[in-house]
Amino acid sequence: MNPGDALKRGIADDGEVVVHNDAGRFATHARLVPGVPPGLAVMYNGWEPYQFPRWEGTANVEPG
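Before going into details, it helps to say that this report is about the structure given with it.

Reading guide: rules and limits
- Residues numbered from 1 in each chain as written.
- Predicted model: local features only at pLDDT ≥ 70, side-chain atom pairs only at ≥ 80, totals over all residues.
- Heavy atoms only, no water.
- Patch = residues over 30% accessible without salt bridge, like charges linked within 9 Å, V, L, I, M, F, W, Y side chains within 5 Å.
- Areas by Shrake-Rupley, 256 points an atom, 1.4 Å probe, with all protein chains shown as cover.
- Salt bridge = Lys/Arg side-chain N within 4 Å of Asp/Glu carboxyl O.
- Helix = DSSP H or I, 4+ residues; strand = E, 2+ residues; numbered from the N terminus.
- Buried < 20%, exposed > 50% of the residue type's maximum accessible area, 1.4 Å probe, protein only.
- Core = buried A, V, L, I, M, F, W, Y, C linked by side-chain atoms within 4.5 Å.
- Contact = heavy atoms within 4.5 Å.
- 1 Å grid on protein atoms, 1.4 Å probe; cavity = no way out; pocket = protein on both sides within 12 Å on 5 of 7 lines; lining within 4 Å.
- Points joined across faces, edges and corners; volume = space filled by probe spheres on them.
- Nonpolar A, V, L, I, M, F, W, Y, C, P; charged D, E, K, R; others polar.

Here's the deal with a nonpolar patch on the surface
Stage number 1. Taken together, the side chains of L40, V42, M43, Y44 and W47 make up a nonpolar region of the molecular surface, amounting to roughly 540 Å² of accessible area.
Stage number 2. In this structure, L40 sits in the segment after β2 (25–29).
Stage number 3. A relative accessible area of 43% places L40 in the partly exposed class.

What about the nonpolar core?
Stage number 1. One finds M1, A6, I11, V17 and A30 forming the largest nonpolar core, which totals five residues.
Stage number 2. Beyond its immediate chain neighbours, meaning those up to four positions away, I11 contacts M1, A6, V17, A30 and L32.

Side note on the pattern of salt bridges
Stage number 1. Per the stated rule, a full pass over the model turns up three salt bridges.
Stage number 2. Of the charged contacts in the structure, one is a salt bridge between R54 and E56, with a shortest N-O distance of 3.7 Å.
Stage number 3. Overlapping salt bridges, with partners in common, bring together R25, R54 and E56 in one network.

Some points on unusual backbone geometry
With the exception of glycine, most residues fall at negative phi, and the peptide bonds are largely trans.
Stage number 1. Located in the positive-phi region is R54, a residue other than glycine, with phi close to 60°.
Stage number 2. Looking at the secondary structure, you find R54 in the segment after β2.
Stage number 3. For W55, which is not glycine, the phi dihedral falls at a positive 55°.
Stage number 4. Mapped onto the fold, W55 is located in the segment after β2.
Stage number 5. Residue classification places W55 among the exposed residues on the basis of a relative accessible area of 60%.

Points about the layout of surface pockets
Stage number 1. Roughly 830 Å³ of internal volume is contained in the largest pocket.
Stage number 2. Taken together, 30 residues line the largest pocket, and the ones lying closest to its centre are V19, T28, A41, V42 and M43.
Stage number 3. For the lining of the largest pocket, the secondary structure elements donating two or more residues are α1 (3–9), β1 (16–20) and β2.
Stage number 4. Across the lining of the largest pocket, the residue classes tally to 19 nonpolar, seven polar and four charged.

Right, dumping it as structure tokens:
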């Protein structure tokens, strides 16, 4: 995520964050990258649920 966005939210590099929408949620660690535009979070595809706390992974926020 963008370091400026993280600063506004009190998020440190490698800090745990919760990603959520109307479909669900999952927890992950933040990586602060100046090349990510403000207002955008990037999460790559291909992670398995066992790699996340509580086995809640990226599929939890993808209703399709």
